[in-house]
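Residue-level listing of the chains:
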Amino acid sequence: MASIKVSQVDFSFQYANYGIWKVTYTSPNTGEKWSAGITDLELIEKTRDARFPKDKDLRKLLKICKTNDK
């Protein structure tokens, strides 16, 4: 996964419930989608709400989406 270029625009965020965000990652190359319910609000703030999110935070969010896809 280290060679994948991850961008904030590859993610969509939807409020699901109190303390839960549904995050969907869409691959810019294939259009394939992975989704997960995220309860780590600090990670949501670091990726969704940040003007320039860090690459490590985006990769962490990507990993969660791909491992917990429902």
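Cut-offs used in this document
Residues numbered from 1 in each chain as written. Predicted model: local features only at pLDDT ≥ 70, side-chain atom pairs only at ≥ 80, totals over all residues. Heavy atoms only, no water. Helix = DSSP H or I, 4+ residues; strand = E, 2+ residues; numbered from the N terminus. Rg over C-alpha atoms; globule rule 2.2 N^0.38 Å. Buried < 20%, exposed > 50% of the residue type's maximum accessible area, 1.4 Å probe, protein only. Contact = heavy atoms within 4.5 Å. Areas by Shrake-Rupley, 256 points an atom, 1.4 Å probe, with all protein chains shown as cover. Core = buried A, V, L, I, M, F, W, Y, C linked by side-chain atoms within 4.5 Å. Pairing = 2+ DSSP bridges. Axes fitted to C-alpha atoms, helices over the stretch in contact; angles between N-to-C directions. pLDDT = per-residue confidence, 0-100. Phe/Tyr/Trp six-rings, centres within 6.5 Å; stacked < 30°, edge-to-face > 60°. Lys NZ or Arg CZ within 6 Å of the ring centre and 35° of its normal.

## What to know about the overall build of the protein chain
1) Next: On a plain count of helices and strands, the protein chain comes out with two helices and three strands.
2) Next: Along its sequence from the N terminus, the protein chain presents helices and strands in the succession β-β-β-α-α.
3) Next: Computed over C-alpha atoms, the radius of gyration of the protein chain comes to 11 Å, within 12% of the 11 Å expected from 2.2 N^0.38 for 70 residues, which places it in the range of a compact globule.
4) Next: Summarising its shape, the C-alpha atoms of the protein chain cover approximately 35 × 25 × 15 Å along the three principal directions.
5) Next: Considering the protein chain as a whole, with its 70 residues, one finds that 30% of them fall into the buried category.
6) Next: In the protein chain, once contacts between residues fewer than 6 apart in sequence are set aside, the share between residues at least 24 apart is 42%.
7) Next: For the protein chain, the computed accessible surface area is about 4,900 Å², with 49% contributed by carbon and sulfur atoms.

## Observations concerning the nonpolar core
1) Next: With 14 residues, the main nonpolar core has Phe-11, Val-23, Tyr-25, Ile-38 and Leu-61 as its most contacted residues.
2) Next: Looking at this core, the elements that each hand over two or more residues are β2 (20-26), β3 (33-38), α1 (41-47) and α2 (55-67).
3) Next: Apart from residues lying up to four places away in sequence, Tyr-25 is in contact with Ile-4, Asp-10, Phe-11, Glu-32, Lys-33, Trp-34, Leu-62, Cys-65 and Lys-66.

## Examining the sheet that holds strand β1 (residues 11-17)
1) Next: Reading across from one edge, β1-β2-β3 is the order of the three strands in this open sheet, with antiparallel pairing throughout. The two strands at the open ends of the sheet, each matched to only one other strand, are β1 and β3. Between one strand axis and the next, the sheet turns by 20° as a mean value, whatever way the strands run.
2) Next: Where β2 lies against β3, six bridges are found, and the strand directions are antiparallel.

## Comments concerning the confidence of the model for the protein chain
1) Next: Here the protein chain shows a mean pLDDT of 91. Residues at 70 or above account for 93%.
2) Next: Averaged pLDDT values over the elements of the protein chain bottom out at 94 in β1 and peak at 96 in β2.

## Thoughts on the packing of aromatic side chains
For any pair of aromatic rings, geometry is given as the distance between the ring centres together with the angle between the planes.
1) Next: Evaluated as defined, the whole model comprises four aromatic pairs.
2) Next: Seen from their ring centres, Phe-11 and Tyr-25 are 5.2 Å apart, and the 55° between their planes marks the pair as tilted. With Phe-11 in strand β1 and Tyr-25 in strand β2, this residue pair connects regions lying 14 residues apart in the sequence.
3) Next: By relative accessible area, Phe-11 is classed as buried at 8%.
4) Next: Ring geometry for Tyr-25 against Trp-34: centres 5.9 Å apart, planes inclined by 25°, an arrangement best described as stacked.
5) Next: For Tyr-25, a relative accessible area of 3% corresponds to the buried category.
6) Next: Given a relative accessible area of 15%, Trp-34 falls into the buried group.
7) Next: The structure contains a cluster of three or more aromatic residues connected by ring pairs, namely Phe-11, Phe-13, Tyr-25 and Trp-34.
8) Next: In this structure, Lys-66 is placed above the aromatic ring of Trp-34, and the distance from its NZ or CZ to the ring centre is 4.3 Å.

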